[in-house]
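# A structural walkthrough
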Amino acid sequence: MRQSIGLATPDGGDWSRVHGHQYSLLQQRLIMRVVLHAVGFALVFVALWGLVSPYLIGCWGAALAFAVALAAIEDRRAAEAEHSSYGKDDMRRHAVASASKGVVWGIGLMLFARAGGAYELPIIWTIVAVLILATTTSRYSAPLSSIAFSSAVVSGGIVSAILTGDLMLLSVITFSGLLAIAGVVENARVAVAGRITDAAMHEKTEVVSMLLREFEEGQADWLWQIDTRRRLKSVSPRFAFALGRRAADIEGTSFLELITGRHWNSGDVAEGVREFADKLKRKEPFSDLIVRVVLEDGLHWWELSGAPIVDESGKFQGYRGVGSDVTEKRESSEKIAYLARYDTLTQLPNRLMLNEALGDALKYADHWRTRCAFLMIDLDRFKSVNDSLGHLVGDQMLAQVANRLKSLVGDGEVCGRLGGDEFAIVIRDASDKKRIEFLAKAVIEQLSAPYKIENQILYVGASIGSAYGPRDGNTVEELLRNADLALYRAKDAGGGEHRDYEPSLHANAEERRQLEFSLRNALEKDEMVLHYQPVVDSHTEELVSFEALIRWNSSDHGFVSPGKFIPLAEDTRLIVPIGTWVMQEACKEAANNWPRDVKVNINVSPEQLLEPDFATTVVQALSHSGLDPKRLEIEVTESIFLRDASVARKALEQCIALGCSVALDDFGTGYSSLGYLRKLRFSTIKVDRSFVQGAAQNSRESLAIIRAVVAMADSLDMTTTAEGVETEEEADMVRNMGCTKIQGYHFGRPMPAEDARKLFARRATDMKRKAG
C-alpha cells in the first residue's frame, strides 16, 4: 500500500517515472475541480444565509479560494512529470497543497457548527462528501494527495459532529471517510500495477524492435525462407547479395541447387550440404550447421539455422531460418590450427604433431606386432653459426636443413622440428633396421654438406639418437626421453654419430640425476674440500705457488672424481656458487697460512666468467681474506673464447687491473687462437701434460710444440709451466727446453691444506739449517 501511494520505493526499483505519469494526469480535470469547489462554496453560502455571519463566510471563502489556487498551481506543475521523474518530495509537496483545501473545509465545518449552523451541518457534510467523491474519482492518479484532502476534511467533520453532539452524523462521517480512503488506496494499487505492466510491455517492445533493427542493419546475417519444394521465397536483398545474384532472379529457385553450383548434377556435394538436405527432408529444426557453399565468386562457408513452418492446423509450410557467411572465421580457424601443428620457420610438423605421429606409430606397432622408431637429430656447431653470423643466417640455415630432411623421408615417415636446432623423424614401420641405419647415415651426410647462405659457405654437422617402440618405451614420453639419451651419447662421442638407445644409458642418466641432486646440497653439507698441488721453479726447484683443486667426498656417493662432477656442475651452472666458494677458501688459506712469496692458482670456469659480477666476486674474496692481489693467479682454458669472448675478456681485464695475474691452461689442446695472446696480457702459459708425455717418448710433434710455446712465451714476456711432470728425466727435459715452472707428481701430488702447511714448516727448517 505504501508503495502504491508513493510513501515507499521497492528495493532496487525506481518508480519515479511511474508516479510521474500518474500525476501528469491531474491537469486533465483541473478546471472541473476548481468549479466543484466554487459550486460547493455557493451551496454552503445559500444554506447558511441568515444563520451565520456573512463576514465569516466571506473570510472562509477567501481562504478556500487561496487553497484551491495553491492546489491548482501544483497540478499544473505536475503536468511536466510525464517526461521526467516525480519523486517522493514532489508528491509530498503536492499532498500538502491538497491537504490545505481539506483543512479549510474542515475548519469551515467546525466554525459553522459553533456559529449557529449546527442544524445545517448534515447538509454541509453532504456537499463536502460530494467533493470527496469527486476528488477520489478525478484524482485517483494522485492517491497521496486525495488521502491528504479526504483525511483533513473528515477530521474537521468528526470534530464538528462531536461539537454538536450528533452521533449519527459522526458515524456517517467516519464511515464515509474510511470508505473514501480505502477506495483511493485500491484505485492507486490498480493504476500502479497497470502502469508497471504497460511499462514492461513497452520496454520489451523496444528491446525486440532494437534487436530486429540491429539484425536488419548487420553486415553478416540474413534471413532465408523456402517452401515445401525447397524453393526460395520472399528473398531478402541481403540474402540475394550473399548469393551474388539479384533477388528477382533467384525467387522460386532450388536452394540446394544454388549453393552446390556445378556439383549438383554430379552428386559430388560436400558433407555439410548432405546434412543440410537431410535435415530439410526430415523436417527437423537445426542450428549452427556449417555448410560448404560453391558460388560464382568461389568457395564460401555458411552457418545456417532454421526451423520448419507450420500453420494453425499443423500442416508443414516450408522452412524459415537465418544464415551468415563465416568464410573468414573458418579460414582464421584453419590458420590457427595449422600454426598449432606446424613450425612457421621450416613449415615442418612441430613438436605437437610429431608427438601425435609417434603416438599413432606406437598404436600401429602394437596392432601389427611390429615396431616403430623415433630419430632425434641435433645440429653440431649450429650455435657458433647463430652467435657469430646472427639469427637471420641461422634461420636460413634451419630452413635449408628442413628441405634436406624432407627430401630423405619416404612413405610412412614424418620429419619435423622439435625446436631450436633439434629435428626428429617418426618411422611408422621400423621392422627393417637396415632402413633406419641407412636413413640416419643419409641424414648425417646430407646435413653435414656445405650450406651457401648470403655468399658464405657454412658447415654444421648432425648427431642422431634413436629409440624403438615398444622395445625402448611404450609411451611417447618414454621414447622421447630415451632417444634424447641416445643423442646425448652421440654428442659425447664427438658429434656426427648415430647411436641407438641402450638400457645402460638410462642408468647413466639416473646416476647423473642423483649426482646433480647431491651436488646441489654439497656446499651446505660441507662435503667440498680443497687440495693443493705445488708448482716449483724449474731451475731452483723452489716452491712458487699452489694450484687449488676441489675434491668432493659425498655422503651419498662417496668420493666423486672431479672429471665426473665438474662437467656436471658446468652443465647445471652449479659451478658458479662452487667456484665462488673455491675462490674464498683458497684466498683465505693462502693469506693466513702461506708465506708471502707463494702464490695460489685458482681455476675459473667459462660459466663463472660470463657472470656479470665475476670481478666483484674476486674483490670480495681478496678483501675478506686480506690476500695481496699479486699472489692470486687465475687459470682459464681456451674454451672461454668459444662462448662470449668479449665478456670473458672484459672480466679478465678487470682482474688484471686489480693486480692479479692470468694463466692460460691446457694451451694447444683446444681453440689455440694466437690472437687472444696478443689481446689479453696472460702472465703464464701452461703446457698440457699430453705434450710433456709425448716429448718424453721423443715425439717430434710434441717436442716442436713445447719449443714453439716456450719461444712464443719468452717473446711475449710470459712464463711457462709444464704440467704432468712425473719423473726426474721429464723434469730435466722441460728444464732444458726452457720451461720456467714445473708441476706434476714428481714434485708433489694434490694434498690437503694441512700437508701443504707442513711443506712450509719443512722449508723453514731447511732454511734455518742452511743459515746455521
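Structural data are supplied above this passage.
First, a word on scope: everything that follows refers to the structure included in this document. (Residues numbered from 1 in each chain as written. Predicted model: local features only at pLDDT ≥ 70, side-chain atom pairs only at ≥ 80, totals over all residues. Heavy atoms only, no water.)

A separate point is helix α13 (residues 271–282). Three- or four-residue spacings in an α-helix give side chains the same orientation, since the helix completes a turn every 3.6 residues. In this model, α13 (twelve residues) spans 17 Å end to end at C-alpha, consistent with the 16 Å of a helix rising 1.5 Å per residue. Listed in full, the buried residues belonging to α13 are Gly272, Val273, Phe276, Lys279 and Leu280. Buried residues along α13 cover an arc of 120 degrees about the axis, so they all sit on one side. In α13, those exposed residues whose orientation departs by more than 90 degrees from the buried face are Glu271 and Lys281. Next to the buried residues of α13 lie β1 (221–226), α11 (255–260), β2 (286–295), β3 (298–310) and β4 (316–325). (Helix = DSSP H or I, 4+ residues; strand = E, 2+ residues; numbered from the N terminus. Expected span 1.5 Å × (residues − 1). Buried < 20%, exposed > 50% of the residue type's maximum accessible area, 1.4 Å probe, protein only. Arc of directions from axis to C-beta. Contact = heavy atoms within 4.5 Å.)

Moving on, we get to the pairing of strand β12 (residues 528–537). Counting buried positions along β12 gives eight out of ten residues, so the element sits mostly inside the fold. Two strands pair when backbone bridges link them, and β12 and strand β13 (residues 543–554) are joined in this way by nine bridges, in the antiparallel orientation. Residue pairing for β13: Met528 is matched across the bridge by Trp552. If you look at the hairpin formed by β12 and β13, you'll find five residues sitting between the two strands, and Glu541 has a positive phi there, around 60 degrees. Sheet topology note: the β12/strand β21 (residues 751–752) ladder contains two bridges and is antiparallel. Each residue of the ladder has a partner; that of His531, found in β21, is Pro752. Looking at chain direction, β12 and strand β20 (residues 741–743) are connected through three bridges and run antiparallel. For Val536, the partnering residue across the bridge sits in β20 and is Ile742. (Pairing = 2+ DSSP bridges.)

Further remarks concern the pattern of salt bridges. All told, the structure shown has 28 salt bridges when counted by the stated rule. Residues Asp500 and Lys433 are paired through a salt bridge, measuring 3.7 Å at the closest nitrogen-oxygen approach. Placement of Asp500 in strand β11 (residues 498–500) and of Lys433 in helix α18 (residues 433–448) is noted, with a sequence separation of 67 residues between them. In this structure, the salt-bridge partner of Arg757 is Glu589, at a minimum N-O distance of 2.8 Å. (Salt bridge = Lys/Arg side-chain N within 4 Å of Asp/Glu carboxyl O.)

Scope: geometric values only; no functional claims are made or implied.
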